[in-house]
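Understanding the architecture of this molecule
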Amino acid sequence: MTSTHSQLASDEVESEIDHEKAQRGVRLLLEAVGEDPDRDELAETWQRRVPDAFATLTEGQREAAKPTMRTFDAETTDLVVKTDIPVYSLCEHHLLPFFGTVHLAYRPNEEVVGLSKLTRYVRWQSRQLTMQERLTNDIASGLADELDAATVLVEMNATHLCEAMRGIETESTTTTRATAGEPSEAERERFQAAINRTEGQ
């Protein structure tokens, strides 16, 4: 696929929100907080920037944006571990970001996936309005289905701006874990050891 075709495909995916409604909504919000949407500095904000941003930040709600999980024959059924994947998502309660890292591991059945696809899959899942607990579970169960993996383990550590910027106004880290399948104790220990090495413990 040429870069032009790739850009067109991306534009088609991002256009799957109602831009007119998004524009009206952002304009109304600006008016609600006492701003003038028509001043030069804000005109592009409601006309283009925010609708385009939300088109990207909600790609996880659209199957068309899901990365293709190309697989290869597995030469082993040993655990595959990938740590320190960046994650950025939107809290559905306040439409504010939460962000941090995801560590994951899976035990393949007969096939493995390219390592970069794991990062792309986490990014796709995270681009939606959600909660950290649900997102962690969605990544684990989704990868289990996509890869037909016998076991998937996921840990997410994230900071929520709805806590840091409002409410208690304190920055902290929330940790959530999810498992698909039944990992052995040795697999759990290996996964935790990999996380500890990444975090410098």
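Structure: above.
Everything numeric here is computed off the predicted structure, so don't read it as measured data.

What follows is about a negative patch on the surface. Judged by side-chain charge, Asp73, Glu75, Glu110, Glu111, Asp145 and Asp148 come together as a negatively charged surface patch. Among the residues examined, Asp148 registers a relative accessible area of 52% and is labelled exposed.

What follows concerns the pairing of strand E2 (residues 80-91). Note that E2 and strand E3 (residues 97-107) share nine bridges and pair antiparallel. In the strand pairing of E3, Val87 is matched with Gly100. Counted along the chain from E2 to the antiparallel partner E3, the turn is five residues long, and its residue Leu95 has a positive phi close to 55°. Here E2 pairs with strand E5 (residues 129-130) via two bridges, running parallel.

To continue, consider the side chain of Gln125. Position of Gln125 among the secondary structure elements: in helix H4 (residues 115-126). At 3.3 Å, the side chain of Gln125 and the backbone oxygen of Asp138 are in polar contact. The residues touching Gln125, leaving out its near neighbours within four places in the chain, are Leu135, Asp138, Ile139 and Gly142.

Rules behind the numbers
- Residues numbered from 1 in each chain as written.
- Predicted model: local features only at pLDDT ≥ 70, side-chain atom pairs only at ≥ 80, totals over all residues.
- Heavy atoms only, no water.
- Patch = residues over 30% accessible without salt bridge, like charges linked within 9 Å, V, L, I, M, F, W, Y side chains within 5 Å.
- Areas by Shrake-Rupley, 256 points an atom, 1.4 Å probe, with all protein chains shown as cover.
- Salt bridge = Lys/Arg side-chain N within 4 Å of Asp/Glu carboxyl O.
- Lys, Arg positive; Asp, Glu negative; His and termini not counted.
- Charge placed at Lys NZ, Arg CZ, Asp CG, Glu CD.
- Buried < 20%, exposed > 50% of the residue type's maximum accessible area, 1.4 Å probe, protein only.
- Pairing = 2+ DSSP bridges.
- Helix = DSSP H or I, 4+ residues; strand = E, 2+ residues; numbered from the N terminus.
- Polar contact = N/O pair within 3.5 Å; in protein donor to acceptor, adjacent residues only side chain to side chain.
- Contact = heavy atoms within 4.5 Å.

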